[in-house]
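Residue strings, one per chain:
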Amino acid sequence: MLNILRIITIFPNLFDSFSNIGVVGKAIQSNKVSLSVHDLRNFGVGKHMSVDDTQYGGGPGMVMRPEPFYKSVEFLKKSQNEKPYVILTSPKGNTLDSKKINQLSKKKCIYILCGRYEGVDQRVQDLIVDEEISIGNYILSGGEIPAMVIADSLIRKIPNVLGSSESTLNETFSENILGKKKEPVYTKPRNFKGLVVPEVLLEGNHKKIDDWRKKMRK
Ligand code: SAH
């Protein structure tokens, strides 16, 4: 079960509010998971702590050098006994879905490497990465948002992170819903601009409510 999550990025500040609010913030504060964000630049090369350079063979844009990622992963590994499962965010990677999240949530310790620019030198993948993960078939300007997507969906899977244990059972993609999408949900007011809450939800007959919910899953 996931317990340690480390993110390596050149923009650690992007994670400040992510790791402080909502389900993710609470999970960290209550020690359900240890999330740490590490500045790749601390492992940069030379006087300027450089993390990128021009592409061999020519071409536009910069490529992230291998040494900083290598050094940062080696450094972080020293502070723990657990062997990390290292993910590189990449549009070429395996596409994230609920099945992949279920698989990953069984790992004890995950590191997520965030790419930028034209991507990451191939030798990072060859030497330290266990799996490349994409969050969809489009290109983003960096791996930080993908890292947040992966981290958020993993953290809410940790037992007792969500308020009620029911919450993960009856949601879209969960086993209970059997590949269907969750039924519509309603709250107050009963009548909003002429659209009224289905009567069955107001009657308090739990068997009827269950049947209605099942019927409404598409
Ligand atoms: N030139 C590369 C794209 C680089 S985008 C190519 O053609 O494949 C810069 C970085 O953003 C990537 O290294 C990766 O870390 C991240 N990134 C961009 N889109 C992504 C996606 N769909 N899923 C995961 N990471 C992505």
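Parameters and conventions
- Residues numbered from 1 in each chain as written.
- Predicted model: local features only at pLDDT ≥ 70, side-chain atom pairs only at ≥ 80, totals over all residues.
- Heavy atoms only, no water.
- Domains from an automatic or database assignment.
- Buried < 20%, exposed > 50% of the residue type's maximum accessible area, 1.4 Å probe, protein only.
- Helix = DSSP H or I, 4+ residues; strand = E, 2+ residues; numbered from the N terminus.
- Pairing = 2+ DSSP bridges.
- Near = heavy atom within 4 Å.
- Polar contact = N/O pair within 3.5 Å; in protein donor to acceptor, adjacent residues only side chain to side chain.
- Areas by Shrake-Rupley, 256 points an atom, 1.4 Å probe, with all protein chains shown as cover.
- Nonpolar A, V, L, I, M, F, W, Y, C, P; charged D, E, K, R; others polar.
- Contact = heavy atoms within 4.5 Å.
- Phe/Tyr/Trp six-rings, centres within 6.5 Å; stacked < 30°, edge-to-face > 60°.
- Lys NZ or Arg CZ within 6 Å of the ring centre and 35° of its normal.
- Axes fitted to C-alpha atoms, helices over the stretch in contact; angles between N-to-C directions.

Some words on the domain arrangement of the protein
Then step 1. We note that the domain assignment places domain 1 (4-155) and domain 2 (183-216) within the protein.
Then step 2. Here the C-alpha centroids of domain 1 and domain 2 sit 42 Å apart.

Remarks on the pairing of strand S6 (residues 109-113)
Along a regular strand, successive side chains alternate from one face of the sheet to the other.
Then step 1. For S6, the tally of buried residues reaches 5 of 5 residues, placing the bulk of the element in the interior.
Then step 2. Both faces of S6 are covered, namely the face carrying Cys109, Tyr111 and Leu113 and the face carrying Ile110 and Ile112.
Then step 3. Bridge analysis of strand S1 (residues 4-9) against S6 gives 5 bridges, and the strand direction is parallel. Looking across to S6, one finds that isoleucine 8 is bridged to leucine 113.
Then step 4. Where strand S5 (residues 85-95) meets S6, 4 bridges bridge the pair, whose relative direction is parallel. Across the sheet, residue valine 86 finds its bridge partner in S6, namely tyrosine 111.

Some words on the site of the ligand
Then step 1. In the neighbourhood of the ligand, 19 residues make up the surrounding shell, with Thr89, Gly115, Gly136, Tyr138 and Leu140 lying closest.
Then step 2. Between the ligand and the protein, one listed contact pairs an oxygen atom with a backbone N or O atom of threonine 89 at 2.8 Å.
Then step 3. The contact in question runs from a nitrogen atom of the ligand to an N or O atom on the backbone of tyrosine 138, over 2.8 Å.
Then step 4. Contact with the protein chains removes 84% of the 560 Å² of surface that the ligand exposes when unbound.
Then step 5. Those elements giving two or more residues to the shell around the ligand turn out to be S5 and strand S7 (131-134).
Then step 6. Here the element with the most residues in the shell around the ligand is S5; it accounts for 3 residues.
Then step 7. Residues of the shell around the ligand, tallied by class, amount to 8 nonpolar, 9 polar and 2 charged.

Here we look at the side chain of glutamate 131
Then step 1. Looking at the element boundaries, glutamate 131 is found in strand S7.
Then step 2. Within the structure, the side chain of glutamate 131 is placed 2.7 Å from the side chain of asparagine 94, a separation counted as a polar contact.
Then step 3. At a separation of 2.7 Å, a polar atom in the side chain of glutamate 131 contacts the side chain of lysine 100.
Then step 4. The contact partners of glutamate 131, leaving out residues within four places of it in the chain, are Tyr85, Val86, Ile87, Leu88, Asn94, Lys100 and Leu104.

Focus on the packing of aromatic side chains
Then step 1. Applying the stated criterion across every chain yields a total of 2 aromatic pairs.
Then step 2. Centre to centre, the rings of phenylalanine 15 and phenylalanine 18 are 6.3 Å apart; their planes meet at 80°, and the pair counts as edge-to-face. Each of the two residues, phenylalanine 15 as well as phenylalanine 18, counts as buried.
Then step 3. Here the aromatic rings of phenylalanine 43 and phenylalanine 75 are separated by 5.6 Å at their centres, their planes lie at 55°, and the arrangement is tilted. Separated by 32 residues along the polypeptide, phenylalanine 43 in the loop between strand S2 (34-39) and strand S3 (52-54) and phenylalanine 75 in helix H2 (residues 66-78) bring together distant segments of the chain.
Then step 4. In this structure, lysine 107 packs its charged tip against the face of tyrosine 85, placed 4.2 Å from the ring centre.

Comments concerning the sheet that holds S1
Then step 1. Here 5 strands make up an open sheet; going across it, the order is S2-S1-S6-S5-S7 and the pairing parallel. Two strands lie at the open edges of the sheet, namely S2 and S7, each paired on one side alone. Mean inter-strand twist for the sheet, computed between neighbouring axes without regard to direction, equals 30°.

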